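Inside the fold
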Amino acid sequence: VDIAARGSKQRDKAHIRKTKTVHFDYQYGSYDLEVPYTEIKLSDTPGVGPNPPFHDYNTEGPKCDPKEGLKPLRLDWIRDRGDIEDYEGRARNLQDDGKRAIKRGRATKEWRGRTHQPMRAKDHPVTQMWYARHGIITPEMQYVATRENCDVELVRSELAAGRAVMPCNINHPEAEPMIIGSRFLTKLNANMGNSAVTSSIDEEVEKLTWATKWGADTVMDLSTGNDIHTTREWILRNSPVPIGTVPMYQALEKVEDDASKLSWELFRDTVIEQCEQGVDYMTIHAGVLLRYVPLTANRVTGIVSRGGSIMADWCLRHHQESFLYTHFDELCDIFAKYDVAFSLGDGLRPGSLADANDAAQLSELMTLGELTERAWAKDVQVMIEGPGHVPFDTVRMNIELEKAVCKGAPFYTLGPLTTDTAPGYDHITSAIGATEIGRYGTAMLCYVTPKEHLGLPNKDDVKQGVIAYKIAAHAADIAKHHPHAQDRDDAISKARFEFRWLDQFNLSYDPDTAIAFHDDTLPAEPAKMAHFCSMCGPKFCSMAISQNIRKAFGGAAAQEQIVKDSLAGVAADAQPAAADGVVSANVLSPEEIRAGLDAMSEKYTAQGGKLYSTAT
Ligand code: MP5
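Predicted model, so just to flag it, every value in this text is computed and none were measured. (Residues numbered from 1 in each chain as written. Predicted model: local features only at pLDDT ≥ 70, side-chain atom pairs only at ≥ 80, totals over all residues. Heavy atoms only, no water.)

Some remarks on the overall build of the protein chain
Check the secondary structure of the protein chain and you find 23 helices and 15 strands. When burial is assessed residue by residue, the protein chain has 53% of its 616 residues classed as buried. Pairs at least 24 residues apart make up 73% of the contacts formed inside the protein chain by residues separated by at least 6 positions. Working note: accessible area of the protein chain is about 27600 Å², and carbon and sulfur atoms make up 55% of it. Across the protein chain, the mean location of the 68 positive side-chain charges is 4 Å away from that of the 87 negative side-chain charges. (Helix = DSSP H or I, 4+ residues; strand = E, 2+ residues; numbered from the N terminus. Buried < 20%, exposed > 50% of the residue type's maximum accessible area, 1.4 Å probe, protein only. Contact = heavy atoms within 4.5 Å. Areas by Shrake-Rupley, 256 points an atom, 1.4 Å probe, with all protein chains shown as cover. Lys, Arg positive; Asp, Glu negative; His and termini not counted. Charge placed at Lys NZ, Arg CZ, Asp CG, Glu CD.)

As structure tokens, this is what we get:
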């Protein structure tokens, strides 16, 4: 029996992507918004009745042929506002795909699916922040309010204040709007992308579909190898979630890895190329200033950010301030034309506990605070990237500092890893830090896979990373008392207690693994109805014993009577209830209590020593 295949068939049968239709009217148009959710079908509780299906946030998007791409969900919403223009865009340039494409005269696998002409703003920024600040509630805002089950005014006001971002480039109309901010569900990002050494376009598209199937809210394409432009085109046209990139990686490819040859003009052109393609947010390491580079000289692990080290190298070679910093306002003007959000990169993040919270890291954060305000002045959306490796007890300080310095802009953290000692398990070392930082308000958690520090993640690593971060984000939401965050826990606990095994599997984040682990020891079909598993066997199952206790003593009327009797006993002896509401029934002497207990012990033995006997 192929247990893994059986688990995934089981999941696909019970997890159904559905949409809820919400009618939305405003000054620019009238639409029926189809907002997605996952319905998890549940079985009946035997002898009691049906359990309602569980509704969950869904990121996997509608099914499509990857060669065709997704339908442009937002195209009418964008066009109907009347504030954009179509234009020619940059010409196809083989340099965008690297040396091999130039030699070949084409990319390995040109995109031939659905496409559209690039669009850009005509007279004012077309960012969701601009609309929010002008009091306009867009279909995108209504869509996320429905998705998050919250008031649309909360969405608008958080966007206007910069405390939330909605990454949604007008040239990525396929994406389903989503929001990142501490008042909303904690989100998670999955990184992927090829490298010079490994991976193909098909594999990257497959990883994207795979990551969103397991719940990634955004995906970053961090490709640094061949066919960067074309790989990104395939990813964007197939992505129902916002896509982020680090444009510096492609810029460096274009100068054949010689950082000294980078220039503002080349970088600007690369950014526009990616804006026209539809990248929703870009990591810009504009806080790595020339004067901060020496602060890293005595670190144990130096500069671990790829983008950060490229910029530091450029600054030192030219002995000039970073062009990302000196041209930052121009970048804002470009982003405002397409609604691309900044993810201000932490180029000086600590790469080890030894370097955590040092002068380099904190100096850069101060600069990110300054840049946040400059972007907001131009109505451009901003999030702030955070560490890295930090000891657990300083995790909270990191988010509090970010909130203060960056005026509440959403924090987007890479873990953080709370120990350096477990290569191969860094999805765990980092999910620990991610839970803690999420609990105090980090809006999006960037996953770390088990391959971190060791190699490019494959499909299974992507899944391990996503699941670890689903757990971290969810635990953080519960700790934050996010409305209804605990509903899924309550539903799965009820299923577990009632031995509804299939429901327990289906309500778990990874039903395939849950069912495989169960079936490892008890594969036969009847075991899915059994009131035990192989952990304790039939005689020692605590849940089965508890169910028996409930049957004997658990009726609502019986419970009520027990409470009434004990309260009456307490009152009769004039023992007031303790201030915290706990009843303290200290009415007998220790000797009397002992004698009573001994009497009951004798009675139990006399009855044959059975835990349960029929009530007479
Ligand atoms: C990068 C990353 C790339 N790994 N994750 C996020 C969220 N943003 C950017 O990192 P870098 O700084 O170039 O190493």
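Overview of the side chain of Thr270
Relative to the assigned elements, Thr270 resides in helix H10 (residues 264-277). Residue classification places Thr270 among the buried positions, given a relative accessible area of 0%.

Side note on the pattern of salt bridges
Scanning all chains against the criterion turns up 47 salt bridges. We note a salt bridge from Arg133 to Asp379, for which the minimum N-O separation is 2.7 Å. Placement of the pair is Arg133 in helix H4 (residues 128-133) and Asp379 in the loop between helix H14 (359-377) and strand S13 (382-386), with a sequence separation of 246 residues. Classification of Arg133 as partly exposed rests on a relative accessible area of 36%. Two residues, Glu158 and Arg183, come together in a salt bridge whose shortest N-O distance is 3.9 Å. Of this pair, Glu158 sits in helix H6 (residues 152-161) while Arg183 sits in the loop between strand S7 (180-181) and strand S8 (187-192); the two residues are 25 residues apart in sequence, bridging distant segments of the chain. (Salt bridge = Lys/Arg side-chain N within 4 Å of Asp/Glu carboxyl O.)

Quick look at the site of the ligand
Near the ligand, the surroundings consist of 15 residues, among which Tyr249, Ser305, Arg306, Gly307 and Arg349 are the closest. Burial of the ligand by the protein amounts to 93% of the accessible area it has alone, namely 360 Å². Put simply, the parts of the chain that give the shell around the ligand at least two residues each are helix H11 (306-318) and strand S14 (411-414). Residue classes in the shell around the ligand are distributed as seven nonpolar, five polar and three charged. (Near = heavy atom within 4 Å. Nonpolar A, V, L, I, M, F, W, Y, C, P; charged D, E, K, R; others polar.)

Here we look at the confidence of the model for the protein chain
Across the protein chain, the average pLDDT comes to 92, with 94% of residues at 70 or higher. Here residues 574-586 is a poorly scored stretch, pLDDT under 50, and it has nine contacts once near neighbours within four places are set aside; other chains count. Across the interface, the model reports ipTM at 0.92; the global pTM reads 0.89. (pLDDT = per-residue confidence, 0-100.)

Notes on the side chain of His482
Turning to its location among the elements, His482 is positioned in the loop between helix H17 (459-479) and helix H18 (487-497). Dropping the residues within four chain positions of it, His482 is found in contact with Arg183, Phe184, Leu185 and Asp477.

Observations concerning H14
For H14, with 19 residues, the first-to-last C-alpha span of 28 Å sits near the 27 Å given by 1.5 Å per residue. When H14 is considered as a whole, its buried residues turn out to be Ala360, Gln361, Ser363, Glu364, Leu365, Thr367, Leu368, Gly369, Leu371, Thr372, Ala375 and Trp376. Phi turns positive, to about 60 degrees, at Asp379, one or two residues after H14. (Expected span 1.5 Å × (residues − 1).)

Comments concerning the sheet that holds strand S2 (residues 29-40)
Within the open sheet, the three strands sit side by side as S1-S2-S3. Their pairing is antiparallel. A strand with exactly one partner marks an edge of an open sheet, and here the two such strands are strand S1 (15-26) and strand S3 (54-56). On average, adjacent strands in this sheet sit at an angle of 40 degrees to one another, irrespective of strand direction. Pairing analysis gives twelve bridges linking S1 to S2, with the strands arranged antiparallel. Within the sheet, the bridge partner assigned to Val22 lies in S2 and is Leu33. Helix H5 (residues 139-148) rests against S1 and S2 of the sheet, and its axis sits at about 25 degrees to S2. (Pairing = 2+ DSSP bridges. Axes fitted to C-alpha atoms, helices over the stretch in contact; angles between N-to-C directions.)

Observations regarding the sheet that holds strand S9 (residues 218-221)
Taken together, eight strands build a closed barrel; the order of strands is S8-S9-S10-S11-S12-S13-S14-S15 and the barrel is parallel. Each neighbouring strand pair of the sheet contributes to a mean axis angle of 25 degrees, computed without reference to strand direction. Examined bridge by bridge, strand S10 (residues 243-245) and strand S11 (residues 281-284) share two bridges and lie parallel to one another. Bridging from a neighbouring strand, Gly244 pairs with Tyr281 of S11. Against the sheet, helix H13 (residues 328-338) contacts S11 and strand S12 (341-344), and its axis sits at roughly 140 degrees relative to S12.

Here we look at unusual backbone geometry
Residue Gly415 is joined to Pro416 through a cis peptide bond whose omega torsion reads 5 degrees. Residue position: Pro416 is located in the loop between S14 and helix H16 (426-439). In the Ramachandran plot, His319 falls in the positive-phi region, its phi being about 45 degrees despite a non-glycine side chain. Residue position: His319 is located in the loop between H11 and helix H12 (323-326).

Quick word on the environment of Pro36
As for its placement among the helices and strands, Pro36 is situated in strand S2. On a C-alpha basis, the gap between Pro36 and Tyr57 in space is 7.5 Å, while along the polypeptide they are 21 residues apart. Every residue in contact with Pro36, bar those within four places of it in the chain, is listed here: Arg17, Lys18, Thr19, Asn58, Tyr143, Arg147 and Glu176.

Focus: the packing of helix H9 (residues 247-254) against H10
Where H9 contacts H10, the axes come no closer than 9 Å and their chain directions differ by 125 degrees. Accordingly, the angle class assigned to the pair H9 and H10 is oblique. By crossing handedness, the relation of H9 to H10 is classed as right-handed. Contacts between H9 and H10 involve Pro247, Met248, Gln250, Ala251 and Lys254 from the first element and Leu266, Phe267, Asp269, Thr270, Val271, Glu273 and Gln274 from the second. (Parallel < 35°, antiparallel > 145°, perpendicular 65-115°, else oblique. Left-handed = near helix turned anticlockwise from the far one by under 90°.)

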